[in-house]
2 protein chains.
Amino acid sequence: MSTIKPRTLSGFMELLPAPQVQMERVMEVLRKTYSLYGFTPLDTPAIEAADVLLAKGGGETEKQIYRFQKGDSDLALRFDLTVPLAKYVALHYGELSFPFRRYQIGKVYRGERAQRGRFREFYQADIDIIGDGKLDIVNEAEIPSIIYKTFTTLGLKRFQIRVNNRKILNGFYASLGLTEKSGDIMRTVDKLEKIGAEKVTVILTEDLGLTAEQAKAILDFMAITGSNEQVLQALEGYRGKNELLDLGLDELTTVTKYLAAFGVPEENFAVDLTIARGLDYYTGTVYETCMLDHPEIGSICSGGRYDNLAEYYIDKQLPGVGISIGLTRLFYVLGEQNMLNDALNTAPADVLILPMIEDLAPAITLATELRAQGIRVQLYAEQKKFKAKMSYADKLGIPYAIFLGEDEIAASTCSVKDLSKGEQVTVTAADAAALIEKGLAEKNAGTVIVEN
Amino acid sequence: MSTIKPRTLSGFMELLPAPQVQMERVMEVLRKTYSLYGFTPLDTPAIEAADVLLAKGGGETEKQIYRFQKGDSDLALRFDLTVPLAKYVALHYGELSFPFRRYQIGKVYRGERAQRGRFREFYQADIDIIGDGKLDIVNEAEIPSIIYKTFTTLGLKRFQIRVNNRKILNGFYASLGLTEKSGDIMRTVDKLEKIGAEKVTVILTEDLGLTAEQAKAILDFMAITGSNEQVLQALEGYRGKNELLDLGLDELTTVTKYLAAFGVPEENFAVDLTIARGLDYYTGTVYETCMLDHPEIGSICSGGRYDNLAEYYIDKQLPGVGISIGLTRLFYVLGEQNMLNDALNTAPADVLILPMIEDLAPAITLATELRAQGIRVQLYAEQKKFKAKMSYADKLGIPYAIFLGEDEIAASTCSVKDLSKGEQVTVTAADAAALIEKGLAEKNAGTVIVEN
């Protein structure tokens, strides 16, 4: 009868039950943390009219878009959560209050070339704060502080949020008379870490036609490193050369000050002049986040300040600041690096009840009682040998089993076995609930991510 | 600059922030309840290879499917969560433990004719228990008991889960020598409530060629109503005429008995011989759920027992039982009927902190302290008039505001205003947290759904 080979498309993540539970835990931490900062959840369609989705022009993304006809409609799957947000805010402008803070965790689609660790369907987890006309600079410090809180709540410690300001870069390039070429220069400078200063100089002078002095000035500028204070101080040496640069420096100084107030330690946060973010629409603070022990992974969380969220849809100036976690890729990387905490319970249930008599009613009653205490109970009613039942609990990693036989039912008790320790006690249902709750609290005390 | 009219496709639900929060609450209840019964969450891709998705043949659904090419691939968006489950179980058969209990809440796609209350992208919330070779009958009682628990936790009271058994129907039609026509007969009988007995008789005799006796026998059978006990007793009168019917009657009797053990009250549960479920693949217990005050809505939650989940993908007998809530439609109907509880907090934050001095550091510290207590805080830092700030809190329905001026900072206090009662107190941060928590607990005590 079976005729079709079951398969999942390459580039589409489909997790087994245990890792799926870990993924759900990550998402739960994200939802909870974002909520603590006053962000409201949004959910927009995965399909949009193609002309709406591509209003801005898709650039490099356009080739990757899943676009198709249905009836007379030209449709496309969203490739990020920012364009749908722009559409949403423009469409519902009159019904929203600004600053509008939303988070969205949702799947997006890009038909990239299939390769290990690259996904065609993946979750992004975005937060954005949208102002109406204006938006205070403090928001540009709060956003990375939320990311700090999110990652530390997940259990990540060895990460660094790198911050820069596009006004500083644009102002600096303007001071060299290189405004026109600034895009190309930024893309070249972006490769510094990968290809080194020498090769960057060659590209700057030979390909982009800069003078040797201009190239040197840029490399000197990019070589400014040190503590945040040192970098800001070095930047003060550039003050007065360009108004935009001065403004950016003021902003970066303010953001740095507030980040400390938000409790982000210096070790998790660095002013880094090499961060530019490719997209043109960033106009102020920009962010990237790297895992210090895994620089090869690149940024796991990026974003920045923009001046016009929805200019293609509405004649309103809607400045904003946002950041996005590439959740599916991050989860994949964490798994590859063995950084997902296996000690946490990933079983579908906390306890497996094994009825030892034919009448299931007492077992059902006990299950109901435990569930009322918030304990996740599975009733095992299949006609199997005892050994098979225990092996089921074992394979799934269910932490407790409860045996309910004639003796226990007569005495209004049940026998609870801690399957990892092998200890068994016969207690009342209420005591069983307390015992299991305590054990679970211990078992699930750790964070989702562990660093090795 | 704005050139494209922002719009959301018709048939795609896109909620404003407040209703979205209500939707999230509903989903949270579903996730939590399903988890209590030992179901593990799954997430499968929205896109599958078209031949995999259509292995079974799509029947009436096939026309509605979103199907498209990307490169050389023939792709389709999933139209339910059952086919992806079948694929998942077949693909990962060796890595799963059976019975395999999973829940999945995900979007599915059907290009239906657009009309009010019909959606092309909608959430289904499914639970299924899959056995390997066999599956105990108690699962067929547990599934509706979970639905009972889910709906009552949501706050719905006036609903009824209607249960029947396909073996009884198939056995009964066989006893009349009508096995071949049983599909057509069931589809006709399904219209009883809508068109009445007389018209059904006409279709049965004239269109389907039944004798008058056969039609009468069927209508007599379908007329069996009363309490569950009465219906089961009346069915006993048919015992001995057909083996399959007898088996179905045994199963229905057992399911009814266990449903009581699971604590489902008689008023929320009815044996109803008119329930057939169109799909051929149901083979035992079948369910539909109706809102008693809104029969016009039809079933809000349906499912049943099947013998072969994945026969198109794998040569294993995988019987199962499952049920599905059409979540988007249910949510839409609840909104239309004014049954969503507006008293619950739908604001993005529990408290809005209004700094009254220029330095934001003290406000940031207070926000951090309150967030550590689990309170959702928004810091309002925009340069606006006091009235505009209060109007922001008011529009969003944020329940509390905190004012932090020089006096409060000097005294290590803050002024907390209950915005619905208008009461204001000046207290320490810890007392503010306690006060807000208590107020929120009261505000959010109700259920998501209220019956009028």
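Conventions used here
Throughout, residues of each chain are indexed from 1 in the direction in which the sequence is written. By the order in which they are written, chains take letters starting at A while ligands take numbers starting at 1. Under the rules for a predicted model, residues below a pLDDT of 70 receive no local features and side-chain atom pairs below 80 are neither given nor counted, while totals for whole chains, interfaces and linings still include all residues. Helix and strand labels come from DSSP, where a helix needs a run of H or I of at least four residues and a strand needs a run of E of at least two; each type is numbered from the N terminus. With C-beta atoms placed from the backbone, the exposure class of a residue follows from how many other C-beta atoms lie within 10 Å of its own: 20 or more, buried; 12 or fewer, exposed; in between, partly exposed. C-beta atoms are first placed from the backbone for all residues, and any pair lying within 7 Å is then listed as a contact. Being paired, for any two strands, means DSSP has found at least two bridges between them. In this analysis an axis means a line fitted to C-alpha atoms, helices contributing only their contacting stretch, and an angle means the value between N-to-C directions, from 0 to 180 degrees. In this comparison the copies share one frame, found by least squares on the C-alpha atoms of residues holding pLDDT of at least 70 in both. Put simply, a nonpolar core is a cluster of buried Ala, Val, Leu, Ile, Met, Phe, Trp, Tyr and Cys residues tied together by C-beta atoms within 7 Å. Source of the domain bounds: an automatic or database domain assignment. Charged residues are taken to be Asp, Glu, Lys and Arg, nonpolar residues to be Ala, Val, Leu, Ile, Met, Phe, Trp, Tyr, Cys and Pro, and polar residues to be all remaining types, Gly included. What the arc describes is the spread of directions from the helix axis to the C-beta atoms. Think of it like this: strands point away, you trace from the first strand over the helix to the second, and a clockwise trace means the crossover is right-handed. By the definition adopted for this analysis, an angle is roughly parallel if under 35 degrees, roughly antiparallel if over 145, roughly perpendicular if from 65 to 115, and oblique otherwise. Left-handed describes a crossing whose near helix is turned anticlockwise from the far helix by less than a right angle; the clockwise case is right-handed.

Draft legend 1. The arrangement of the overall build of chain A in detail. A tally of helices and strands in chain A yields 15 helices and 16 strands. By the burial criterion, 46% of the 452 residues in chain A qualify as buried. For chain A, the share of sequence-separated contacts (at least 6 apart) that also reach a separation of at least 24 residues comes to 69%.

Draft legend 2. Expanded view of the sheet that holds strand 3 (residues 67-70) of chain B. Residues and elements named next belong to chain B. Taking strand neighbours across the sheet as the criterion, the three strands line up as 2-4-3 in an open arrangement whose pairing is antiparallel. Either end of the sheet is taken by a strand with one partner, and the two such strands are strand 2 (47-49) and strand 3. Recorded for the sheet is a direction-independent mean angle of 40 degrees between the axes of neighbouring strands. Alignment of strand 2 against strand 4 (residues 73-77), held across three bridges, turns out to be antiparallel.

Draft legend 3. Examining the environment of Ala234(A) more closely. Mapped onto the elements, Ala234(A) comes out in helix 9 (residues 228-236). Spatially, the C-alpha atoms of Ala234(A) and Lys149(A) are 29 Å apart, while their sequence positions differ by 85 residues.

Draft legend 4. Quick peek at the relation of the copies chain B and chain A. Rotating chain B by 180 degrees and translating it 0.0 Å along the rotation axis places it on chain A, where the RMSD comes to 0.1 Å. A rotation of that kind, with that shift, is consistent with a two-fold axis. Among all C-alpha atoms of chain B, that of Phe68(B) lies closest to the rotation axis, at 3.0 Å. Looking at chain B, 100% of its interface residues are interface residues in chain A too, so the copies touch through the same face.

Draft legend 5. View of the nonpolar core. Val351(A), Ile353(A), Ile402(A), Val351(B), Ile353(B) and Ile402(B) are the most contacted members of the largest nonpolar core, which has 276 residues in total. In this structure, Ile353(A) is in contact with Ala363(A), Leu366(A), Ala367(A), Val377(A), Leu379(A), Tyr380(A), Ile402(A) and Leu404(A), ignoring residues within four places of it in sequence.

Draft legend 6. Layout of helix 3 (residues 82-91) of chain B. All names here are of chain B. With respect to burial, helix 3 is a largely interior element, nine of its ten residues being buried. Every buried residue of helix 3 is accounted for by Thr82, Val83, Pro84, Leu85, Ala86, Lys87, Tyr88, Val89 and Ala90. Lining the buried residues of helix 3 we find strand 2, helix 2 (50-53), strand 5 (100-109) and strand 6 (121-130).

Draft legend 7. How the structure looks around the domain arrangement of chain A. Domain boundaries assigned for chain A yield domain 1 (17-183 + 213-336) and domain 2 (351-443). For domain 1 of chain A versus domain 2 of chain A, the distance between C-alpha centres works out to 48 Å.

Draft legend 8. Representation of the interface of chain B and chain A in the model. Every contact between the two is made by 76 residues of chain B and, on the other side, 76 residues of chain A. The dominant element in the side of chain B that touches chain A, judged by the number of residues it contributes, is helix 1 (residues 17-36) of chain B, at six residues. In the side of chain B that touches chain A, the residues fall into 41 nonpolar, 15 polar and 20 charged.

Draft legend 9. Expanded view of the sheet that holds strand 2 (residues 47-49) of chain A. Residues and elements named next belong to chain A. The strand order across the open sheet built from three strands is 2-4-3, with neighbouring strands paired in antiparallel fashion. The open sheet is flanked by strand 2 and strand 3 (67-70), the only strands paired with a single partner. Pairwise comparison of adjacent strand axes, ignoring direction, gives a mean angle of 40 degrees for this sheet.

Draft legend 10. Expanded view of helix 13 (residues 386-396) of chain B. Residue and element names in this part refer to chain B. Taken together, the buried positions of helix 13 are Tyr392, Ala393 and Leu396. Looking straight down helix 13, one finds that the buried residues subtend no more than 95 degrees of arc, so they occupy a single side. Among the exposed residues of helix 13, those pointing more than 90 degrees away from its buried face are Lys387 and Lys395. Considering only its buried residues, helix 13 is in contact with strand 12 (351-355) and strand 14 (400-404).

Draft legend 11. Structural view of the pairing of strand 12 of chain B. Residue and element names in this part refer to chain B. Most of strand 12 is tucked away, with five of its five residues classed as buried. Residue alternation in strand 12 divides its side chains into two sets, Val351, Ile353 and Pro355 and Leu352 and Leu354, and both sets are buried. As defined by bridge partners, strand 12 adjoins strand 13 (residues 377-379) across three bridges and the pair is classed as parallel. Following the sheet pairing, valine 351 is matched in strand 13 by valine 377. Handedness of the strand 12-helix 12 (residues 361-372)-strand 13 crossover: right-handed.

Draft legend 12. Here's a closer look at the packing of helix 5 (residues 166-175) of chain A against helix 10 (residues 243-261) of chain A. All names here are of chain A. Where helix 5 meets helix 10, the axes come as close as 7 Å, and the angle between the chain directions of the two elements is 155 degrees. One finds that helix 5 runs roughly antiparallel with respect to helix 10. In the packing of helix 5 onto helix 10, the handedness of the crossing is left-handed. Two secondary-structure elements touch here, helix 5 through Lys167, Ile168, Asn170, Gly171, Phe172, Ala174 and Ser175 and helix 10 through Leu244, Leu245, Leu247, Gly248, Leu249, Glu251 and Leu252.

Draft legend 13. Up close: the packing of helix 7 (residues 192-207) of chain B against helix 8 (residues 212-222) of chain B. Residues and elements named next belong to chain B. Between helix 7 and helix 8, the least distance of the axes is 8 Å, while the angle of their chain directions is 160 degrees. Judged on the interaxial angle alone, helix 8 and helix 7 are roughly antiparallel. In this structure, helix 7 crosses over helix 8, and the sense of that crossing is right-handed. Side by side, helix 7 and helix 8 meet where Leu192, Ala197, Val200, Thr201, Leu204 and Thr205 of the first sit next to Ala212, Ala215, Ile218, Leu219 and Met222 of the second.

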